[in-house]
Amino acid sequence: MVRRTSLPREAGLTTIELVAAIVFVSITVVVGVRAIMVTGTVTKQTVSSSQLEQRLHRVAAQISEELLQARVDTLDPVPEQPLGASTLTYERAEIDMTGRIVWSTPRSIELVPATDDPEDGIDNDRDGLVDEHDIWLVRNAGLENEQRSLLTTGVASFLAGESENVIDDNGNELFDERGLSFELRDGVMLIRLTMQARDAEGEVASRTCETAIRMRN
Ligand SMILES: [Ca+2]
Ligand SMILES: [Ca+2]
Ligand SMILES: [Ca+2]
C-alpha cells in the first residue's frame, strides 16, 4: 500500500501562492513607479500663478543686480529706441584682492531659443509653450574660458502684447521687442520680462514685469 502524505500538495499550493504574491507585488511596484513618473511629469510641466510670479521677479532681480554694476559705456549694443536689445554684453565693476575696484572681463546676458523648441511657430518640445526662450548669464564672454549659466527657461518669444510685424503693438515705443527686452533711456536701464508656464488646467499663464535701474558711469 502506497501512503501519500499531504506535504507535496501543500508545497504546491504554497508555490502557486508565492508566484501569485510575486506577480501582485511586481504589478504594484510597476503601478507605483508609473504613478510617481506621471506625478513627476505634471509637477515639472505645471506651475501655479504665484510660482510663476515668484520666478518672474527672481529672474528680474538677478538681471537687475548683475547690471547694477555694469559700466554704461561698455554696453554692446547700446539698447536704445526703437529696437532696444534682448542680449547685452558689458563689463562690470568688481572688487579685487586689495579692495580696489577693477573692471571684469566681458560678460553678457543672452536671450536664446530653447534648445528643443526652435523658432518656427510650433511647440516642438510639446511643453505647452510655443517657441519659448532661455536666458543665459555668460562670464568671460567670447573668451577661451567662457562660462555659461542658465538663469531661466520659459521666457516668452515676444514681450506681452507684442508680435513680429514691425509695429509697436503694445505702445511702449519699442518695435517687436522680445520676451526679455533692454532699453537704455537717459542713463536708466529698463528691463522688461515676460515669462510663461502651463498651469494645472493646461492653460498657458503669462506674467510680465518692468524694472528700472540707474547705470553706473
Ligand atoms: Ca518651436
Ligand atoms: Ca515648447
Ligand atoms: Ca513694443
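My aim in this report is to walk through the structure given alongside it, one point at a time.

Rules used throughout
Residues numbered from 1 in each chain as written. Chains lettered and ligands numbered in written order. Predicted model: local features only at pLDDT ≥ 70, side-chain atom pairs only at ≥ 80, totals over all residues. Heavy atoms only, no water. Core = buried A, V, L, I, M, F, W, Y, C linked by side-chain atoms within 4.5 Å. Buried < 20%, exposed > 50% of the residue type's maximum accessible area, 1.4 Å probe, protein only. Helix = DSSP H or I, 4+ residues; strand = E, 2+ residues; numbered from the N terminus. Contact = heavy atoms within 4.5 Å. Expected span 1.5 Å × (residues − 1). Arc of directions from axis to C-beta. Donors = N, O, S within 2.8 Å, 3.2 Å for Na, K, Ca; no water. Tetrahedral: all angles 85-135°; square planar, octahedral: opposite > 155°, others 65-115°. Salt bridge = Lys/Arg side-chain N within 4 Å of Asp/Glu carboxyl O.

Next up on the list: the nonpolar core. By size, the foremost hydrophobic cluster in this structure holds 30 residues, and its most contacted members are Ile63, Leu67, Ile135 and Leu193. Elements that contribute at least two residues to this core include exactly helix H2 (49–68), strand S1 (88–90), strand S4 (107–113), strand S5 (133–139), strand S6 (147–155), strand S7 (180–185), strand S8 (188–198) and strand S9 (204–214). At six residues, the largest contribution of residues to this core is made by H2. Once residues within four sequence positions are removed from consideration, leucine 67 is found in contact with Leu88, Tyr90, Ile109, Phe182, Met189, Ile191, Ile213 and Met215.

So, about the environment of glycine 142. Relative to the helices and strands, glycine 142 is located in the loop between S5 and S6. Sequence separation between glycine 142 and threonine 105 is 37 residues; the distance between their C-alpha atoms is 9.7 Å.

Its 20 residues place the ends of H2 28 Å apart at the C-alpha level, agreeing with the 28 Å of an ideal helix rising 1.5 Å per residue. Listed as buried for H2 are Leu52, Leu56, Val59, Ala60, Ile63, Ser64, Glu66 and Leu67. One side of H2 carries all its buried residues, which in axial view fall inside an arc of 165°. H2 presents Gln54 and Glu65 as exposed residues on the side facing more than 90 degrees away from its buried surface.

Let us now look at unusual backbone geometry. Each neighbour pair has its own omega, and for aspartate 76 with proline 77 the value is -5°, a cis peptide bond. With respect to the secondary-structure elements, proline 77 resides in the loop between H2 and S1. Even without glycine at this site, valine 166 takes up a positive phi of about 55°. Its place among the elements puts valine 166 in the loop between S6 and S7. What makes valine 166 exposed here is its relative accessible area of 66%. Of note, aspartate 176 is a non-glycine position whose phi angle comes to about 55°, a positive value. Here aspartate 176 lies in the loop between S6 and S7.

Around the calcium ion (ligand 3), the protein supplies Glu162 (OE), Asp168 (OD), Asn170 (OD1), Asn172 (OD1), Leu174 (O), Glu177 (OE) and Glu177 (OE) as donor atoms, at distances of 2.3 to 2.6 Å. Mapping the donors of the calcium ion (ligand 3) onto the primary sequence gives the spacing E-x5-D-x1-N-x1-N-x1-L-x2-E. The residues aspartate 168 and glutamate 177 share a single accessibility class, namely buried.

Moving on, we come to the coordination of the calcium ion (ligand 1). Ligation of the calcium ion (ligand 1) by protein atoms is provided by Asp117 (OD), Pro118 (O), Asp120 (OD), Ile122 (O), Asn124 (OD1) and Asp131 (OD), these donors lying 2.0 to 2.4 Å from the ion. Because the angles between the six donor atoms bound to the calcium ion (ligand 1) fall within 77 to 171°, the donor set is best described as octahedral.

Further remarks concern the pattern of salt bridges. Taken as a whole and judged by the stated rule, the model has 12 salt bridges. Here arginine 207 makes a salt bridge to glutamate 53, at a shortest N to O gap of 2.9 Å. Of the two residues, arginine 207 sits in strand S9 while glutamate 53 sits in helix H2, which places them 154 residues apart along the sequence. Taking the relative accessible area as the measure of exposure, arginine 207 reaches 25% and is therefore partly exposed. The closest approach of N and O atoms between arginine 148 and glutamate 146, which form a salt bridge, is 3.7 Å. Using a relative accessible area of 38% as the deciding quantity, one classes arginine 148 as partly exposed. Glutamate 146 sits in the partly exposed class, given a relative accessible area of 34%.

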